[in-house]
Amino acid sequence: AETLRGRIDDLAVLFELAEEMDDPDTLAEAEAELGSVRKALDEMEVRTLLSGEYDEREALVNIRAEAGGVDASDFAERLQRMYLRWAERHGYPTEIYETSYAEEAGIKSTTFVVKAPYAYGTLSVEQGTHRLVRISPFDNQGRRQTSFAGVEILPVVESSDHVEIEESDLRIDVYRASGPGGQGVNTTDSAVRITHLPTGIVVSCQNERSQIQNKASAMNVLQAKLLERQRQEERAKMDALKDSGSSWGNQMRSYVLHPYQMVKDLRTEFEVGNPQSVLDGEIDGFLEAGIRWRKQQEK
């Protein structure tokens, strides 16, 4: 905040200087700095809106292909790339825990972690069903296809969360990791699948690491899912008390590549006419609009 205040003071001086000297170059420099300061202020304002209990945590992202066959699998993979590119643009480290490849193209599901403060608060507005409308590259008659992918965002569990898991409630299977097209990624049974018997939740981790590391990562994902389940149960009780309409419907964003080009958020009305830039990770506008929208809903 102090640095920003200093930049705003310097900006006033720069504009005065440009006026006194009647210098277009100095004016252009001042206007560029004004745009940059405005962006920094917006980012600071959005950060102040992230005041939820888990908002400052790292984020676990689960993506799965839904209706739409091979197009949905391809879409799920594009969404994975979109979030990974977004993280890369911001310099946030990521780690892919598990990717289950679809037979023809794309992925059935994936789980990865974004290791940055406030990643959960920022990305949590992405949760819901994303819809893609395009001419299918997999349809030999070139027909338009609508496909869906689901995005789930969870806060990374910390030791203070007390998510109790009984060893007897778990079934742990080890298997050999596979890559695209079913080829073996490694030669040892190091991939781990954990089934939580009381809830039926299944998580897996098939990073190219040791079985022990994969089991630890899978346990982290399971804890995050159980924590979220706990929170949803509490939220359901609260919603029943206040009859709130906060359990927002499924579809939250449309990516239309044909007959026109548009990505539109169905909650905030925020839209961008360049789907490629969005799929390349330029989603900050959607995230900011989503965070502001969510704050409005809480009032």
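We now turn to the structure provided with this report. (Residues numbered from 1 in each chain as written. Predicted model: local features only at pLDDT ≥ 70, side-chain atom pairs only at ≥ 80, totals over all residues. Heavy atoms only, no water.)

## So, the overall build of the protein chain
Looking only at helices and strands, the protein chain has seven helices and 11 strands in total. If you sum the accessible surface of the protein chain, you get close to 16,300 Å²; carbon and sulfur atoms cover 47% of it. (Helix = DSSP H or I, 4+ residues; strand = E, 2+ residues; numbered from the N terminus. Areas by Shrake-Rupley, 256 points an atom, 1.4 Å probe, with all protein chains shown as cover.)

## Here we look at the environment of M252
Of note, M252 is situated in strand 9 (residues 251-256). For M252 and E126, which are 126 residues apart along the polypeptide, the C-alpha to C-alpha distance reads 8.0 Å. Excluding anything up to four places from it in sequence, M252 contacts V125, E126, Q127, G128, T129, H130, K264, D265, L266 and R267. (Contact = heavy atoms within 4.5 Å.)

## Quick notes on the sheet that holds strand 3 (residues 107-114)
Sheet strands pair by backbone hydrogen bonding; their relative direction is either parallel or antiparallel. As summarised here, the arrangement of the eight strands in space is 2-3-1-5-4-9-10-11, forming an open sheet in which the pairing is mixed. Both edges of this open sheet fall to strand 2 (94-101) and strand 11 (271-272), since each of them pairs with a single strand only. Sheet topology places strand 4 (residues 128-135) next to strand 5 (residues 144-155); eight bridges connect them, and they run antiparallel. Within the sheet, the bridge partner assigned to H130 lies in strand 5 and is A149. Across the sheet, helix 3 (residues 69-90) lies against strand 1 (59-65), strand 2, strand 3, strand 4, strand 5 and strand 9, angled at about 45° from strand 5, the strand it touches most. In this fold helix 7 (residues 284-298) packs onto strand 9, strand 10 (262-265) and strand 11, with an angle of close to 20° to the strand it touches most, strand 10. (Pairing = 2+ DSSP bridges. Axes fitted to C-alpha atoms, helices over the stretch in contact; angles between N-to-C directions.)

## Overview of the pairing of strand 7 (residues 191-196)
Each regular strand carries side chains that alternate between the two faces of the sheet. Among the six residues that make up strand 7, five are buried, leaving the element largely enclosed by the rest of the structure. Where strand 6 (residues 170-175) and strand 7 come together, six bridges link them in antiparallel fashion. Within strand 7, the position partnered with D173 by the bridge is R193. In this structure, strand 7 lies alongside strand 8 (residues 201-205), joined through five bridges in antiparallel fashion. Counted as the bridge partner of R193 is S204 from strand 8. Hairpin connection from strand 7 to strand 8: four residues lie between these consecutive antiparallel strands, with G200 at a positive phi of about 80°. (Buried < 20%, exposed > 50% of the residue type's maximum accessible area, 1.4 Å probe, protein only.)

## Some details on the sheet that holds strand 6
Reading across the sheet, the three strands line up as 6-7-8 and stay open at both edges, with antiparallel pairing between neighbours. Since the sheet does not close on itself, it has two edges, and those belong to strand 6 and strand 8, each with one partner. Direction aside, neighbouring strands of the sheet carry axes that sit 15° apart on average.

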